[in-house]
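Next come the chains, spelled out residue by residue.
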Amino acid sequence: MTQLITDKSNLASLLMQWRQQGESSALVPTMGSIHAGHLALIQTANSLADHVIVTIFVNPTQFAADEDFDLYPRTLDADMAAIREAGGADVVFAPQSMYAPDHATNIIAGGVALDLETKYRPHFFMGVATIVMKLFMQVPTDIALFGEKDYQQLAVIRQMVRDLDVPVDIISHPTIREYDGLALSSRNSYLSPDQRKLAPQLYATLCDVAGNILEGNDPLALIDTAINRLLDAGFDKIDYFELRDGNSLAPVQTYEPENRLLIAALLGETRLIDNIALGSHV
């Protein structure tokens, strides 16, 4: 039975009890609006640890003033039901707040946090790194799981854990997709029916470009052509479409299996991100 906890002191007591019994634990941080991508993380966590904690908190510090914080789905009852039906977690930790009124300390991420998302959302990784670190402190588990759809975010968290010697192992999980290839995201619910029909072209384009790079074609030319094709199809803006090193996220122009194509695009007001490894098309 999945237990709902909203107070961190109650959670600390439970974690201490598990640790004293020599039992391992896994953390799955989310902002709620639970979908099959989250459930895949939870199922994997259950296979890797004795106990699983899912956190649900819509983090205000990773939203800019003009973004969708107030509109972001908050569906705790439905989330609890979905988690229980899928095999469950031991605990859902859903705090009302994670910040004191006079909160003034934040983590400024560099390295892999620079460029890409930071060009368009300069506030974002400070908010992500700070809230994830707070969760690691409040919920000190053995492992923590994150999806590869937010690939730069995953890289930032890995870097933070390494740089600050946080005693948690970061486990990544492949992106979970709809039947037509669209990467699962809570923001997909914002798409109109016509936009939803168009959205899978993002993944199809990534696959097409990756396949052509594998055949030896020029990545920059392929990406330029693909951007124009997406805009002609009805996408409103392409924030970036880049080939990057899979570890450092530095720009590259050659085929290596671990390198990644990363894209961020707007359909109306909805911003979609996706990525694939070139090696997935060998």
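The coordinates are above.
Predicted model only: the values in this text are computed from it and were never measured. (Residues numbered from 1 in each chain as written. Predicted model: local features only at pLDDT ≥ 70, side-chain atom pairs only at ≥ 80, totals over all residues. Heavy atoms only, no water.)

## Considerations on the side chain of Thr175
Line of reasoning, step 1. For Thr175, the location among the structural elements is in the loop between β6 (169–173) and α7 (193–198).
Line of reasoning, step 2. Within the structure, Thr175 has its side chain in polar contact with the backbone nitrogen of Lys149 (distance 3.1 Å).
Line of reasoning, step 3. Not counting the four nearest positions on each side in its chain, Thr175 is found in contact with Glu148, Lys149 and Ala183. (Helix = DSSP H or I, 4+ residues; strand = E, 2+ residues; numbered from the N terminus. Polar contact = N/O pair within 3.5 Å; in protein donor to acceptor, adjacent residues only side chain to side chain. Contact = heavy atoms within 4.5 Å.)

## Structural notes on the layout of surface pockets
Line of reasoning, step 1. Here the second largest pocket is characterised by a volume of approximately 250 Å³.
Line of reasoning, step 2. Per-class residue counts for the lining of the second largest pocket are nine nonpolar, five polar and two charged. (1 Å grid on protein atoms, 1.4 Å probe; cavity = no way out; pocket = protein on both sides within 12 Å on 5 of 7 lines; lining within 4 Å. Points joined across faces, edges and corners; volume = space filled by probe spheres on them. Nonpolar A, V, L, I, M, F, W, Y, C, P; charged D, E, K, R; others polar.)

## Overview of the pattern of salt bridges
Line of reasoning, step 1. The full count for this structure, using the stated rule, is 15 salt bridges.
Line of reasoning, step 2. Here Glu148 ties to Arg260 by a salt bridge, and the two come within 3.2 Å at their closest N and O atoms. Note that Glu148 is positioned in the loop between β5 (143–147) and α6 (151–163) and Arg260 in strand β8 (residues 260–267), a separation of 112 residues in sequence. No difference in accessibility class separates Glu148 from Arg260, as the two residues are buried. (Salt bridge = Lys/Arg side-chain N within 4 Å of Asp/Glu carboxyl O. Buried < 20%, exposed > 50% of the residue type's maximum accessible area, 1.4 Å probe, protein only.)

## Section: the packing of helix α8 (residues 201–214) against helix α9 (residues 219–233)
Line of reasoning, step 1. It is the contact of α8 with α9, at a shortest axis distance of 10 Å, that shows an interaxial angle of 160°. Taken together, the axes of α8 and α9 lie roughly antiparallel to each other. Relative to α9, α8 is oriented so that their crossing is right-handed. Touching Gln201, Leu202, Thr205, Asp208, Val209, Asn212 and Ile213 of α8 are Pro219, Leu222, Ile223, Ala226, Arg229, Leu230 and Ala233, all from α9. (Axes fitted to C-alpha atoms, helices over the stretch in contact; angles between N-to-C directions. Parallel < 35°, antiparallel > 145°, perpendicular 65-115°, else oblique. Left-handed = near helix turned anticlockwise from the far one by under 90°.)

## A look at the environment of His51
Line of reasoning, step 1. Residue placement: His51 occurs in strand β3 (residues 51–56).
Line of reasoning, step 2. Judged by relative accessible area, which is 12%, His51 ranks as buried.
Line of reasoning, step 3. C-alpha separation for the pair His51 and Val91, spaced 40 residues apart in sequence, amounts to 8.4 Å.
Line of reasoning, step 4. Residues in contact with His51, not counting those within four places in the same chain, are Trp18, Glu23, Ser24, Ser25, Ala26 and Asp90.
Line of reasoning, step 5. Within the local environment of His51, its side chain forms a polar contact with the side chain of Asp90, the two groups lying 3.0 Å apart.

## Here we look at the packing of aromatic side chains
Line of reasoning, step 1. Throughout the structure, instances matching the rule amount to five aromatic pairs.
Line of reasoning, step 2. When the ring of Phe63 is compared with that of Phe69, the centres are 5.4 Å apart and the planes differ by 65°; the resulting orientation is edge-to-face.
Line of reasoning, step 3. What links up through ring pairs into an aromatic cluster is the set Phe63, Phe69 and Tyr72.
Line of reasoning, step 4. The lysine or arginine in question, Arg74, covers the ring of Phe69, its NZ or CZ lying 4.6 Å from the ring centre. (Phe/Tyr/Trp six-rings, centres within 6.5 Å; stacked < 30°, edge-to-face > 60°. Lys NZ or Arg CZ within 6 Å of the ring centre and 35° of its normal.)

## Remarks on the packing of helix α5 (residues 124–138) against α6
Line of reasoning, step 1. With their axes 10 Å apart at the nearest point, α5 and α6 run at an angle of 55° to one another. By the angle between their axes, α5 is oblique relative to α6. Between α5 and α6 the crossing geometry is right-handed. Contacts from Phe124, Phe125, Val128, Ala129, Val132, Met133 and Phe136 in α5 reach Gln152, Gln153, Val156, Ile157, Met160 and Val161 in α6.
Line of reasoning, step 2. Taken together, the residues of the contact of α5 with α6 break down into eleven nonpolar, two polar and no charged.

## Re the sheet that holds strand β4 (residues 91–93)
For sheets, the rule is that strands pair by backbone hydrogen bonds, running either parallel or antiparallel.
Line of reasoning, step 1. Taking strand neighbours across the sheet as the criterion, the six strands line up as β1-β4-β3-β2-β5-β6 in an open arrangement whose pairing is parallel. Edge positions in the open sheet fall to β1 (3–5) and β6, since each of these has one partner strand only. When the angles between neighbouring strand axes are averaged without regard to direction, this sheet yields 25°.
Line of reasoning, step 2. Packing against the sheet, helix α2 (residues 36–48) makes contact with β2 (25–30), β3, β5 and β6, and its axis sits at approximately 155° to β5. (Pairing = 2+ DSSP bridges.)

## Some points on the side chain of Gln152
Line of reasoning, step 1. In this structure, Gln152 sits in helix α6.
Line of reasoning, step 2. Since its relative accessible area comes to 3%, Gln152 is described here as buried.
Line of reasoning, step 3. The contacts of Gln152, once residues within four sequence positions are left out, are Val112, Ala113, Leu114, Asp115, Leu116, Glu117, Phe125 and Leu249.

## With respect to the environment of His173
Line of reasoning, step 1. Take His173: it is sitting in strand β6.
Line of reasoning, step 2. On the accessibility criterion, His173 (13% relative accessible area) is buried.
Line of reasoning, step 3. With 105 residues separating them in the primary sequence, His173 and Asp68 have C-alpha atoms 26 Å apart.
Line of reasoning, step 4. Ignoring sequence-local partners within four residues, the contact set of His173 consists of Ala40, Leu41, Thr44, Phe146, Gly147 and Glu148.

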